[in-house]
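# Observations on the model geometry
In case you want the letters, here they are:
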Amino acid sequence: MPELARKDVLGLETMSRQEIELVLHTADSMREVLDRPITKVPALRGRTVLMMFYEPSTRTLASFNLACKNMSADTVSVSKSSSSLVKGESLRDTIQNLESMGADAVVMRHPSAGAPHYIARNIEGSVLNAGDGAHEHPTQGLLDLFTIEQHKGSLEGLKVAIVGDILHSRVARSNIWGLSTMGADVTICGPSTLIPPYVTEIGCTVTHDVREAVTDADVIYVLRIQLERQEGSMFPGAREYRRLFTIDAERISLASPDALLMHPGPMNRGVEITTDVADGAQSVILEQVPNGVAVRMALLYLLLGGGE
Amino acid sequence: MSSEGQLKVKAQIMDGAAIRRSLVRISHEIVEKNKGVQDIVLVGIRRRGVPLSERLGAYIEEFEDVVVPNGSLDITLYRDDLTLRHDRPMVHRTEVPFDITGKTVILVDDVLYTGRTVRAAMDALVDFGRPGTIQLAVLVDRGHRELPIRPDYVGKNVPTSRHEVIEVRVDEIDGIEDVVIMERQEEGAE
């Protein structure tokens with residue numbers, strides 16, 4: 001019986017191909033649950049999940065909440081502004097207190113890379129990383145793999161172009177690990193100041209020419225330009241970025257005719273992607289959202305479903 | 001399972017021909033009891049209920065010249081022992097691509113034992129709509145019910161002890177067609 005032999009889901013860097021395949025298979029079953037008139041199953045009745053979001057989030061928070069409710073788990077939400085953190089309580093004390101109230105899992109988003117890992121070492125319950133700094137966003141990575149697999153059947157050998165600010169993107173990092181593990185060929189494209197050196201070490205191709213990156217691609221993954229994270233002189237400016245890297249109809253026409261266009265949201269329309277392309281026939285951006293709920297239901301089941 | 005001793009085949013209770021005759025009879029009984037096949041839908045419980053349900057559908061089509069909708073149900077997420085088990089059973093896809101509200105739903109499974117699977121299946125089913133009637137068809141009823149559940153159609157009643165295991169094997173999954181009764185060997189005994 002294949003199992004997810006881990007307590008936590010912290011990143012895709014350490015997840016094996018077999019584990020990813022199990023998550024994607026389970027997510028496919030969960031996707032069907034979302035199409036039913038009643039989208040709730042009793043599998044996780046009596047389980048409690050803590051939502052700790054120390055950074056703004058719409059999609060991921062709503063998606064995790066929906067996933068918990070669809071699985072019949074109860075949720076308790078704690079946000080940074082309303083928590084005792086502002087009174088000076090340490091993260092570890094906060095979480096240990098909340099765990100002693102009976103939480104079985106913690107879903108955590110935090111501005112500091114490694115915060116969920118620190119918590120995972122200090123509590124017995126499962127920890128799901130919902131984004132830690134610029135490090136990883138594993139559930140986003142898994143839902144992207146799932147979306148691609150649903151369309152292409154398999155990830156093996158697919159040519160995937162990831163375009164944008166790689167340096168500040170936890171989504172890019174999780175996708176790069178996940179796609180590489182599953183046997184896809186990943187090409188990274190963006191301004192040279194925003195491409196970290198590690199990507200060539202793990203076998204990605206790097207280019208600064210967007211036309212070269214998207215030519216014959218099976219998947220074009222456009223990243224959000226995180227204007228709030230840009231500091232110093234790393235970002236060339238929106239106008240220059242637009243001219244060199246924006247994904248528009250002309251550039252997408254160089255890709256394979258049935259190429260998928262993806263974006264993790266929220267989009268800066270007219271900056272990294274043009275509106276006609278974002279809403280065009282090849283875009284699966286809106287599918288990524290329900291797929292995210294299915295993937296999170298699958299992870300909750302695989303971490304909390306069995307007995308102890 | 002291995003910690004509870006090895007399973008050994010004790011006897012064959014049905015061969016391929018016996019399975020076929022039982023399913024042919026059950027398909028006639030379904031049509032007879034419901035006075036036709038109007039509003040009937042078949043839903044097999046994964047795993048081995050699914051091929052059995054498909055075969056019942058094929059026989060009904062053969063006799064009545066009507067195609068009956070056929071679905072499949074994975075009951076994992078509805079199990080009442082989910083938090084008691086040490087493993088996490090794989091969740092497979094459920095396929096009920098038709099409306100069951102007001103319909104006569106024939107649930108199909110290979111073996112009826114405690115009734116807990118059927119309880120879970122009925123819970124799953126009502127999440128898809130409100131059936132007019134739910135009926136239960138099983139190839140083997142081995143007794144030892146733990147819930148107030150009874151079958152409407154039975155291939156064969158097989159009195160068993162709780163130490164025994166009934167295994168239905170079908171071509172589609174096992175590459176062999178029979179029903180065998182197996183017994184747990186005592187630990188250490190050869």
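### Thoughts on the packing of aromatic side chains
- One pass over the full model with this rule turns up three aromatic pairs over all chains.
- Ring plane angle 10 degrees and centroid distance 6.3 Å describe the contact between Tyr59 of chain B and Phe63 of chain B, whose orientation is recorded as stacked. You can see Tyr59 of chain B and its partner Phe63 of chain B sitting in helix α2 (residues 49-64), four residues apart, about one turn around the helix.
- Under the relative-accessibility criterion, Phe63 of chain B is labelled partly exposed at 32%.
- Among the aromatic residues, ring-to-ring pairing joins Phe235, Tyr241 and Phe245 of chain A into one connected group.
- Across the ring face of Phe64 of chain A, the terminal group of Arg296 of chain A is positioned such that the distance to the ring centre comes to 5.0 Å.
- Sitting above the plane of the Tyr153 of chain B ring, Lys33 of chain B keeps its charged end 6.0 Å from the centroid.

### Examining the sheet that holds strand β9 (residues 260-262) of chain A
All names here are of chain A.
- Spatially, the five strands line up as an open sheet ordered β7-β6-β5-β8-β9, and their pairing is parallel. Two strands close off the open sheet at either side, each with one partner strand: β7 (205-207) and β9. Strand-to-strand twist in this sheet, taken as the mean axis angle between neighbours without regard to direction, amounts to 20 degrees.
- Pairing geometry for strand β5 (residues 159-163) and strand β8 (residues 219-222), over four bridges, is parallel. Bridged to Val163 within β8 is Val222.
- Of the strands in this sheet, β5, β6 (185-189) and β8 touch helix α6 (residues 170-181), which is tilted by about 165 degrees from β5.

### Considering the side chain of Asp132 of chain A
Residue and element names in this part refer to chain A.
- As for its placement among the helices and strands, Asp132 is situated in strand β4 (residues 126-132).
- Although Asp132 is buried, it forms no salt bridge, and the closest oppositely charged side chain is Arg170 at an N-O distance of 6.3 Å.
- There is a polar contact of 2.8 Å between the side chain of Asp132 and the backbone nitrogen of Gly114.
- Reaching out from Asp132, the side chain makes a polar contact with the side chain of Asn129 at a distance of 2.8 Å.
- Residues contacting Asp132, with those up to four places away along its chain left out, are His110, Ser112, Ala113, Gly114, Pro116, His117 and Arg170.

### Considering the layout of surface pockets
Residues and elements named next belong to chain A.
- Here the second largest pocket defines a volume of roughly 730 Å³.
- As for the second largest pocket, its lining consists of 35 residues, and the residues nearest its centre are Arg59, Arg224, Pro264, Gly265 and Pro266.
- Breaking the lining of the second largest pocket down by element, the ones donating at least two residues are α2 (59-70), α5 (138-152), α6 and α12 (285-304).
- Of all the elements, α12 adds the most residues to the lining of the second largest pocket, at five residues.

### Digging into the confidence of the model for chain B
- Summarising the model, chain B shows a mean pLDDT of 92, and 95% of its residues fall at 70 or more.
- Per the prediction output, this complex has pTM 0.91; the corresponding ipTM is 0.85.

### Some points on the sheet that holds strand β7 (residues 164-169) of chain B
All names here are of chain B.
- With antiparallel pairing, the three strands of this open sheet are ordered in space as β1-β8-β7. Strands at the two margins of the open sheet, each flanked by one partner only, are β1 (7-15) and β7. The mean angle between the axes of side-by-side strands here comes to 25 degrees, regardless of whether they run parallel or antiparallel.
- Pairing geometry for β7 and strand β8 (residues 178-184), over six bridges, is antiparallel. From the neighbouring strand, Val168 faces β8, where its bridge partner is Val179.
- Together, β1, β7 and β8 form the strand contacts of helix α1 (residues 16-33), whose direction differs from that of β1 by roughly 55 degrees.

### As for the interface of chain B and chain A
- In this assembly, 18 residues from chain B lie in contact with 28 residues from chain A.
- For the pairing of chain B and chain A, the buried interface totals around 2,200 Å² over both sides, and the portion due to carbon and sulfur atoms is 54%.
- Looking at the side of chain B facing chain A, the largest losses of area belong to Leu77, Arg88 and Arg93 of chain B, adding up to 36% of the total buried there.
- Connecting chain B to chain A are one salt bridge.

### Topic: the environment of Arg130 of chain B
All names here are of chain B.
- With respect to the secondary-structure elements, Arg130 resides in the loop between α3 (116-126) and β5 (133-141).
- For Arg130, a relative accessible area of 67% gives the class exposed.
- Put simply, Arg130 and Asp99 are 31 residues apart on the chain and 9.1 Å apart in space, counted from C-alpha to C-alpha.
- When near neighbours in sequence (up to four residues on either side) are disregarded, Arg130 contacts Ile100, Thr101 and Gly102.

### Focus: a negative patch on the surface
- A cluster of acidic residues, Glu61, Glu62, Glu64 and Asp65 of chain B, forms a negative patch on the protein surface.
- Positionally, Glu62 of chain B belongs in helix α2.

### Here we look at the nonpolar core
- Ranked by size, the top nonpolar core spans 92 residues in total, and within it Ile162 of chain A together with Leu77 of chain B carry the most contacts.
- In terms of residues, this core owes the most to one element, α12 of chain A, which gives eleven residues.
- Core analysis: the next-biggest nonpolar cluster, separate from the first, contains 27 residues, Tyr59, Val68, Val158 and Ile166 of chain B among them.

### Structural notes on helix α3 (residues 91-100) of chain A
Residues and elements named next belong to chain A.
- For α3, the set of buried residues is Leu91, Thr94, Ile95, Leu98 and Glu99. Axial view of α3: buried residues confined to an arc of 125 degrees, hence all on one face.
- On its buried face, α3 sits against β1 (48-53), β2 (74-79), β3 (105-110) and α4 (115-122).
- In this structure Ser90 caps α3, since a side-chain oxygen of it lies 3.1 Å from the backbone nitrogen of Asp93.
- Downstream of α3 by one or two residues, Gly102 has phi in the positive range, about 110 degrees.

Analysis parameters
- Residues numbered from 1 in each chain as written.
- Chains lettered and ligands numbered in written order.
- Predicted model: local features only at pLDDT ≥ 70, side-chain atom pairs only at ≥ 80, totals over all residues.
- Heavy atoms only, no water.
- Phe/Tyr/Trp six-rings, centres within 6.5 Å; stacked < 30°, edge-to-face > 60°.
- Helix = DSSP H or I, 4+ residues; strand = E, 2+ residues; numbered from the N terminus.
- Buried < 20%, exposed > 50% of the residue type's maximum accessible area, 1.4 Å probe, protein only.
- Lys NZ or Arg CZ within 6 Å of the ring centre and 35° of its normal.
- Pairing = 2+ DSSP bridges.
- Axes fitted to C-alpha atoms, helices over the stretch in contact; angles between N-to-C directions.
- Contact = heavy atoms within 4.5 Å.
- Lys, Arg positive; Asp, Glu negative; His and termini not counted.
- Salt bridge = Lys/Arg side-chain N within 4 Å of Asp/Glu carboxyl O.
- Polar contact = N/O pair within 3.5 Å; in protein donor to acceptor, adjacent residues only side chain to side chain.
- 1 Å grid on protein atoms, 1.4 Å probe; cavity = no way out; pocket = protein on both sides within 12 Å on 5 of 7 lines; lining within 4 Å.
- Points joined across faces, edges and corners; volume = space filled by probe spheres on them.
- pLDDT = per-residue confidence, 0-100.
- Buried area = accessible area lost by both parts, 1.4 Å probe.
- Patch = residues over 30% accessible without salt bridge, like charges linked within 9 Å, V, L, I, M, F, W, Y side chains within 5 Å.
- Areas by Shrake-Rupley, 256 points an atom, 1.4 Å probe, with all protein chains shown as cover.
- Charge placed at Lys NZ, Arg CZ, Asp CG, Glu CD.
- Core = buried A, V, L, I, M, F, W, Y, C linked by side-chain atoms within 4.5 Å.
- Arc of directions from axis to C-beta.

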